[in-house]
Amino acid sequence: MTAPDHVIGQTGWLKGVIGILPSAIKRIPPNRVIDMNQFPDCESLWAGDTPPPANELYVTPDPKLVVEKNYKLPNVFAQVSPAELEAYKIPPIPDAAVFVEHERCLLQPRVFGIRAGQDLRLLNGDNVKHQLSIAGDNPTTVELPNFDADGVLKEEWFKGPQLGVSLKCEIHPWEFAYACVTNHPAYGVSNEKGQVYIPNVPKGKFTVELWLPPVPGLDPIQPIEVNVRSTDGAATLFWHYVE
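Notes on the structure in this doc start here. Bear in mind the structure is a predicted one, so any value in this text is a computation, not a measurement. (Residues numbered from 1 in each chain as written. Predicted model: local features only at pLDDT ≥ 70, side-chain atom pairs only at ≥ 80, totals over all residues. Heavy atoms only, no water.)

### What to know about the overall build of the protein
Inclusion rule: Strands here are runs of E lasting at least two residues and helices are runs of H or I lasting at least four, both read from the DSSP assignment and numbered beginning at the N terminus. Burial status follows relative accessibility: with a 1.4 Å probe on protein chains alone, a residue under 20% of its type maximum counts as buried, one over 50% as exposed, and anything between as partly exposed. Pairs of residues are marked as contacts when any of their non-hydrogen atoms sit within 4.5 Å. Only the protein chains shown count as cover for residues, and the accessible areas themselves come from Shrake-Rupley with a 1.4 Å probe.
Helix and strand counts for the protein stand at two helices and 16 strands. Expressed as a percentage of the 243 residues in the protein, the buried residues total 50%. Of the contacts formed within the protein by residues at least 6 apart in sequence, a portion of 66% connects residues at least 24 apart. Counting only carbon and sulfur atoms, one obtains 52% of the accessible surface of the protein, whose full area is about 11800 Å².

### Considering the sheet that holds strand 16 (residues 235-242)
In plain terms, the rule: Two strands pair under a simple rule: DSSP has to find at least two bridges between them. Orientation is described by axes fitted as lines to C-alpha atoms, over the contacting stretch for helices, and by angles from 0 to 180 degrees between their N-to-C directions.
Spatially, three strands are ordered 13-1-16 in an open sheet, and the strand pairing comes out mixed. In this open sheet, the two strands that pair with only one neighbour each are strand 13 (195-201) and strand 16. Averaged over all pairs of adjacent strands, the angle between strand axes in this sheet comes to 20°, irrespective of strand direction. Relative to strand 16, strand 1 (residues 12-20) runs parallel, the two being bridged by eight bridges. Residue pairing across strands places K15 opposite L237, the latter belonging to strand 16.

### Comments concerning a nonpolar patch on the surface
Let me state the cut-off plainly: Patch definition: residues above 30% relative accessible area lacking any salt bridge, with like charges linked at up to 9 Å and the nonpolar side chains Val, Leu, Ile, Met, Phe, Trp and Tyr linked at up to 5 Å. Think of a salt bridge as a Lys or Arg side-chain nitrogen and an Asp or Glu carboxyl oxygen that are within 4 Å of each other.
A contiguous nonpolar patch, built from L237, W239 and Y241 and spanning about 340 Å² of accessible area, is present on the exposed surface. Counting through the fold element by element, L237 comes out in strand 16.

Listed below in structure tokens is the structure:
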């Protein structure tokens, strides 16, 4: 039996909003502002500003969660359950690399998706040296000199699916990012308004799995059941609030 077409054929997309209830926020430890006093090179990059930006909430011990006043959650990785896509053709791994950059002594993006076998390029936009450690099934440490515009290319770096692979700077302890590695393209990461867009979803009933960097006081986010009825460009909507 030939596998049903995925991506090349008719597919739909999901649009969701990920939020958090006030009762859950109360369980999170108090906010803290990143202290760069011991790192004047980094501190100078924020001259006139308070790191991190005012609309971000960082929780102890590390900057792992951002919450807007309207209780929406960015940096939530959302994907269609890989097990439910096994019967579908999966498109080739993109030729383009996924970029992760040191910017004002913060790693951007905070959470990102990447296909297993896809290239990863590490950039340094700061006039500051960084030393980036990558965990996962192929751990390594990468030296990133000042203003490294070309960066370091890690070809086909992540070999298999895994969620929340940490990238952290060994020099600046607040610098964290997380890679969520998938074997399909039906995934997305919520933006600063908690909005997430998931393309390449076939018609039918699916489970959306959600991953948030670990935060003291919060349990893992439960999956969501969705029903994609349209593949003509209309989005299937969903809402989910962390309790």
